[in-house]
Amino acid sequence: MIIEVKDLHKSFGQNEVLTGIDCSVDESEVVCVIGPSGSGKSTFLRCLNLLEDVTSGEVIIDGDSLTDRGVKIDDVRAEIGMVFQQFNLFPHKSVIENVMLAPMKVRGTSRAEAREKGRALLKKVGLADKENAYPSSLSGGQQQRVAIARALAMEPKIMLFDEPTSSLDPELVGEVLAVMKDLAYEGMTMVVVTHEMGFAREAGDRVLFLDGGVLVEEGTPQQIFDNPQEQRTQEFLNKVL
Ligand code: ADP
Ligand code: MG
């Protein structure tokens, strides 16, 4: 198990947003998180790399309990790549510079090595010809693929995605999902919050259904989509499928 979550609670003031989540993710597993808006999906994901501090419970990443005082959070975080709905690329830096930045700053990678690795990653996401372009000249789908390359540049053990295609025009969604599928098939451990049920079915090993801060049901895509056990899951799927 590379991620283990034990009785995770998260409150914002009086509002308890996660009410005791237990789950785990194996190495190379692709876990898709689905559920209605406001159910706590983003908060759950953000707790996995302590972008939110946890109210109670435990998050263990690759053997390190993030809530232990001794743990070096920045070291653990460097192992976890995150891709958001918004791409957050540096607008005044070229595509390749966006990808090179974190390894140089955080890992002390040399400029030459960062460039070489950056080029390989841009090739991987299908943007080899865009290395000197600026983000504003790219489509949303291309920008999101740069954001994925940028996250991969840190050679993370785990990739977290929070609705990576939700802000894209429909015709650009496929190119981003294709890159994510490639990653999944290469064995990357991934936790993906998504409304793309086709992706979850095809690339997911397991699906978690969250509602009202509760992990209502989990199972293989087949179990969840074809034979959901809980009424809340059925109702949600009836709305989105
Ligand atoms: P989802 O991603 O499933 O739409 P979120 O995790 O974003 O859900 O939000 C779950 C609940 O937590 C919502 O009620 C939201 O208003 C609340 N929430 C999220 N982030 C914050 C925050 N930083 N401060 C206060 N409330 C928050
Ligand atoms: Mg969200």
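Quick look at the structure, then. Remember, predicted model here, so these are calculated numbers, not experimental data. (Residues numbered from 1 in each chain as written. Chains lettered and ligands numbered in written order. Predicted model: local features only at pLDDT ≥ 70, side-chain atom pairs only at ≥ 80, totals over all residues. Heavy atoms only, no water.)

Some thoughts on the overall build of the protein chain
Then, in step 1: Each helix and strand counted, the protein chain has nine helices and ten strands in total.
Then, in step 2: For 241 residues, the compact-globule estimate of 2.2 N^0.38 gives 18 Å, and the protein chain sits close to it at 18 Å.
Then, in step 3: Seen along its three principal axes, the alpha-carbon backbone of the protein chain occupies a region of about 50 × 45 × 30 Å.
Then, in step 4: Here the protein chain holds 241 residues, and the buried ones make up 52% of them.
Then, in step 5: Residue pairs at least 24 apart in sequence account for 65% of intrachain contacts in the protein chain once pairs closer than 6 positions are excluded.
Then, in step 6: Of the accessible surface of the protein chain, which amounts to about 11,300 Å², a share of 44% is contributed by carbon and sulfur atoms.
Then, in step 7: Here the protein chain contributes 25 positive and 38 negative side-chain charges, whose respective centroids are spaced 7 Å apart. (Helix = DSSP H or I, 4+ residues; strand = E, 2+ residues; numbered from the N terminus. Rg over C-alpha atoms; globule rule 2.2 N^0.38 Å. Buried < 20%, exposed > 50% of the residue type's maximum accessible area, 1.4 Å probe, protein only. Contact = heavy atoms within 4.5 Å. Areas by Shrake-Rupley, 256 points an atom, 1.4 Å probe, with all protein chains shown as cover. Lys, Arg positive; Asp, Glu negative; His and termini not counted. Charge placed at Lys NZ, Arg CZ, Asp CG, Glu CD.)

Some details on the sheet that holds strand S2 (residues 15–25)
Then, in step 1: Spatially, the four strands line up as an open sheet ordered S2-S1-S4-S5, and their pairing is antiparallel. Edge positions in the sheet fall to S2 and strand S5 (64–65), since each of these pairs with one other strand and no more.
Then, in step 2: Here helix H1 (residues 41–48) sits on the sheet in contact with strand S1 (3–12), S2 and strand S4 (56–61), set at roughly 120° to S1. (Pairing = 2+ DSSP bridges. Axes fitted to C-alpha atoms, helices over the stretch in contact; angles between N-to-C directions.)

So, to be careful, I would describe these as geometric facts and stop short of saying anything about function.
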